[in-house]
Amino acid sequence: MLPQKQAEEAIVSNETGHETREEEENEQQQSMFSMKSILWHGGSAWDAWFSCASNQVAQVLLTLPTSFSQLGMLSGILLQVFYGLMGSWTAYLISVLYVEYRSRKEKENVSFKNHVIQWFEVLDGLLGPYWKAAGLAFNCTFLLFGSVIQLIACASNIYYINDKLDKRTWTYIFGACCATTVFIPSFHNYRIWSFIGLGMTTYTAWYMAIASLIHGQDEGVTHSGPTKLVLYFTGATNILYTFGGHAVTVEIMHAMWKPQKFKYIYLLATLYVFTLTIPSASAVYWAFGDQLLNHSNAFALLPKTGFRDAAVILMLIHQFITFGFACTPLYFVWEKVIGMHDTKSICLRALARLPVVIPIWFLAIIFPFFGPINSAVGALLVSFTVYIIPALAHMLTFRTASARQNAAEKPPFFLPSWTAMYAVNAVIVVWVLVVGFGFGGWASMTNFIRQIDTFGLFAKCYQCKAPTAAQAQHH
């Protein structure tokens, strides 16, 4: 084990490249506590933890109580734990594949100076162009809709503070605000934003739990879930989506000074996220019950107070941050396509990135279905992007005895057998393919189409005030 550990450290020290060593030397020459390093340039294990925890739970925190109303309390809690642990495992697999890819490329004297490695490049290097195409298609589409969801959430949340403007108008406004993320170069530069974002999510989660307990149960509240299969699997795929936020794992690892330390960071981030999602969703569901079936955003039912308005504002800021998290890998892909990825000018790169924001803005206006869109994305995109593809890729990368013998990362201490790893990966592939993509896809698309039939595309104000009888008849 000792030689392997030494080799692993040598690999990663080489992996980080000359640019990392130069950066560290420059930082050592400056004050260790310089403002720039504190606020702007992050690459430690703590930075990665904050990035993972902050990115994992944002607007979905507000939709989980609705998932509980669809699933019931027990299923809601159990599925959170189940998918949280499953997500942590596949994030671990992605980190292993990243280290394997870099170690092989280092042996070929490939330099990654001024180049951010992405998931589709890992798949290309380990498994070939067809896997690259699959990874690129699923990952980019998921991140595209992930950004759309954050934009929809901004409009949905601000409406509960100021309803003088409809949600579509707020989407226009926040689309312009979120476009400013083009100026953030990479995940290195999210240090202070990740810290602030997690603090905001923590406040919101505990506000939801405490406010619900203080409010108490509404008169005549009922907790009838689960009642229909379509609702049950819609709720389940929203939770699948919740813990599928590791589509940016490779980019976060690449921003670390020592990427080998990432292995268990996502699990530790998930354990913290449990302390936010389970109490808040349980408390809101306990207080409001089946009313949540018609209110995808928990803010719609919580009493209007200064604390609620503060939570709304904090979530708006956090959604801006999460929009940047989801969009940054798309910026990288676009830069590589147009040959601007090596450009050092922040302003030129920002200008080149702007076309990425336009389709996101447009899709958020077409499909403003806060809540149902989470489940649809979870079933159709997250299921493959961060569960099925990483598990299959790990199985195929280490399918030969020589690959296992020369692997940069051996099986973890808690599962020290390649056979056991294969078995776990196979179970994940089958489960997510059948339950997540199959049943989840059927349920979430049924619900999504129902929203289109009810509200129409380009809905001006989704789930706002109930329409009058005349408006309903006209529709």
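As the structure is a prediction and not an experimental result, all values here were calculated from the model. (Residues numbered from 1 in each chain as written. Predicted model: local features only at pLDDT ≥ 70, side-chain atom pairs only at ≥ 80, totals over all residues. Heavy atoms only, no water.)

Q: So, the overall build of the protein chain: which residues are in play, and what are the values?
A: When its secondary structure is counted, the protein chain shows 19 helices and 0 strands. Buried positions account for 57% of the 475 residues belonging to the protein chain. A separation of at least 24 residues holds for 86% of the contacts in the protein chain among residues at least 6 apart in sequence. (Helix = DSSP H or I, 4+ residues; strand = E, 2+ residues; numbered from the N terminus. Buried < 20%, exposed > 50% of the residue type's maximum accessible area, 1.4 Å probe, protein only. Contact = heavy atoms within 4.5 Å.)

Q: Tell me what's going on with empty space enclosed by the protein, and back it up with residues and numbers.
A: Considering all chains together, one arrives at 5 cavities of 30 Å³ or more under this definition. Breaking the lining of the largest cavity down by element, the ones donating at least two residues are helix 4 (45–56), helix 8 (129–158), helix 11 (229–242) and helix 14 (306–338). Here the lining of the largest cavity takes 4 residues from helix 8, the largest share from any one element. Taken together, the residues of the lining of the largest cavity break down into 9 nonpolar, 9 polar and no charged. (1 Å grid on protein atoms, 1.4 Å probe; cavity = no way out; pocket = protein on both sides within 12 Å on 5 of 7 lines; lining within 4 Å. Points joined across faces, edges and corners; volume = space filled by probe spheres on them. Nonpolar A, V, L, I, M, F, W, Y, C, P; charged D, E, K, R; others polar.)

Q: Tell me about the packing of aromatic side chains, and name the residues and values.
A: Enumeration according to the criterion identifies 23 aromatic pairs in this entry. Taking the centre distance of 5.7 Å and the plane angle of 85 degrees together, the rings of Tyr232 and Phe233 count as edge-to-face. Residue Tyr232 is classed as partly exposed on the basis of its relative accessible area, which comes to 22%. With a centroid separation of 5.0 Å and 15 degrees between ring planes, the pair formed by Phe233 and Phe439 is classed as stacked. Of this pair, Phe233 sits in helix 11 while Phe439 sits in helix 18 (residues 418–455), and the two are 206 residues apart along the sequence. Look at Phe233 and you get buried, because its relative accessible area is 14%. An aromatic cluster is present here, built from Trp46, Trp49, Phe50, Phe195 and Tyr272 joined pairwise through their rings. (Phe/Tyr/Trp six-rings, centres within 6.5 Å; stacked < 30°, edge-to-face > 60°.)

Q: Requested: an account of the side chain of Glu335, with residues and values cited.
A: As for its position among the elements, Glu335 is in helix 14. The residues touching Glu335, leaving out its near neighbours within four places in the chain, are Met340, His341, Arg349 and Arg353.

Q: An account of the packing of helix 5 (residues 60–71) against helix 6 (residues 73–107) is requested, with residue identities and associated values reported.
A: Two numbers describe how helix 5 lies on helix 6: the axes approach to 7 Å, and their chain directions differ by 125 degrees. With respect to their mutual orientation, helix 5 and helix 6 come out oblique. Crossing of helix 5 against helix 6: the hand is right-handed. In this structure, helix 5 contributes Leu64, Phe68 and Leu71 to the contact, and helix 6 contributes Met73, Ser75, Gly76, Ile77, Leu79 and Gln80. Residue classes in the contact of helix 5 with helix 6 are distributed as 6 nonpolar, 3 polar and no charged. (Axes fitted to C-alpha atoms, helices over the stretch in contact; angles between N-to-C directions. Parallel < 35°, antiparallel > 145°, perpendicular 65-115°, else oblique. Left-handed = near helix turned anticlockwise from the far one by under 90°.)

Q: Describe the packing of helix 6 against helix 11, listing the residues and the values that go with them.
A: In the contact formed by helix 6 and helix 11, the axes pass within 9 Å of each other and the chain directions differ by 35 degrees. The two elements helix 6 and helix 11 cross, and the hand of that crossing is right-handed. Where helix 6 abuts helix 11, its residues Ser75, Gly76, Leu79, Gln80 and Tyr83 lie against Tyr232, Ala236, Ile239 and Leu240. Of the residues in the contact of helix 6 with helix 11, the class split is 6 nonpolar, 3 polar and no charged.

Q: Could you give an account of helix 4, with specific residues and numbers?
A: Between the first and last C-alpha of helix 4 there are 16 Å, a value that for 12 residues agrees with the 16 Å anticipated at 1.5 Å per step. Restricting attention to buried positions, one finds in helix 4 the residues Asp47, Ala48, Trp49, Phe50, Ser51, Cys52, Ala53, Ser54, Asn55 and Gln56. For helix 4, the secondary structure elements touched by its buried residues are helix 5, helix 10 (191–215), helix 11, helix 12 (249–254), helix 13 (265–288) and helix 14. The N-capping residue of helix 4, defined by a side-chain oxygen 3.4 Å from the backbone nitrogen of Trp46, is Ser44. (Expected span 1.5 Å × (residues − 1). Polar contact = N/O pair within 3.5 Å; in protein donor to acceptor, adjacent residues only side chain to side chain.)

Q: So what's going on with the state of the cysteines? Which residues, and what values?
A: The full count for this structure, using the stated rule, is 0 disulfides. Of the cysteine sulfurs around Cys327, a residue in no disulfide, the closest is that of Cys178, at 8.4 Å. For Cys327, a relative accessible area of 0% translates into the label buried. (Disulfide = S-S within 2.5 Å.)

Q: Give a description of helix 15 (residues 346–366) that names residues and reports values.
A: Between its terminal C-alpha atoms helix 15 stretches 31 Å, which fits the 30 Å expected from 21 residues at 1.5 Å a residue. Of all the bends found along helix 15, the most pronounced is centred on Leu354 and spans about 30 degrees, while Pro355, a proline, follows it within four residues. Within the span of helix 15, buried status applies to Arg349, Ala350, Ala352, Arg353, Val356, Val357, Ile360, Leu363, Ala364, Ile365 and Ile366. In the core, the buried residues of helix 15 are packed alongside helix 8, helix 9 (167–178) and helix 14. (Bend = angle between axes of the 7 residues up to and from the residue.)

Q: Describe in detail a nonpolar patch on the surface, supporting the description with residues and values.
A: A cluster of nonpolar side chains, namely Leu229, Val430, Leu433, Val434, Phe437, Phe439 and Trp442, defines an oily patch on the protein surface of about 660 Å² accessible area. Here the element with the most residues in the nonpolar patch is helix 18; it accounts for 6 residues. Mapped onto the elements, Phe437 comes out in helix 18. (Patch = residues over 30% accessible without salt bridge, like charges linked within 9 Å, V, L, I, M, F, W, Y side chains within 5 Å. Areas by Shrake-Rupley, 256 points an atom, 1.4 Å probe, with all protein chains shown as cover. Salt bridge = Lys/Arg side-chain N within 4 Å of Asp/Glu carboxyl O.)

Q: Give a description of the pattern of salt bridges that names residues and reports values.
A: Enumeration over the complete set of coordinates arrives at 8 salt bridges. Note that Glu409 is salt-bridged to Lys263, the shortest N-O span being 3.5 Å. One end of the pair, Glu409, is in the loop between helix 17 (401–405) and helix 18; the other, Lys263, is in the loop between helix 12 and helix 13, with 146 residues separating them in the sequence. Residue class for Glu409 comes out buried when judged on its relative accessible area of 4%. Of the charged contacts in the structure, one is a salt bridge between Glu335 and Arg349, with a shortest N-O distance of 3.0 Å. Residue Glu335 is located in helix 14, and its partner Arg349 is located in helix 15; the two are separated by 14 residues in the primary sequence. Pair check on accessibility: Glu335 and Arg349 agree, each one buried.

Q: Tell me about the nonpolar core, residues and numbers included.
A: Val122, Phe262, Phe299, Ile373 and Val377 are the most contacted members of the largest nonpolar core, which totals 139 residues. Those residues within four positions of Phe262 in sequence are excluded, and the remaining contacts are Ala48, Cys52, Ala91, Ser95, Thr249, Ile252, Met253 and Met256. (Core = buried A, V, L, I, M, F, W, Y, C linked by side-chain atoms within 4.5 Å.)

Q: Before we move on, could you go through the confidence of the model for the protein chain and cite the residues and values that matter?
A: A residue-level look at the protein chain finds 87% of positions with pLDDT of 70 or above and a mean pLDDT of 83. Here helix 19 (residues 469–474) stands out as the element of the protein chain with the lowest mean pLDDT, 38, in contrast to helix 13, whose mean of 95 is the highest. Here residues 1–33 scores under 50 on pLDDT; set against residues more than four positions off or in separate chains, the count is 33 contacts. Every residue in residues 467–475 is under pLDDT 50, and counting partners more than four places away or in other chains gives 3 contacts. (pLDDT = per-residue confidence, 0-100.)

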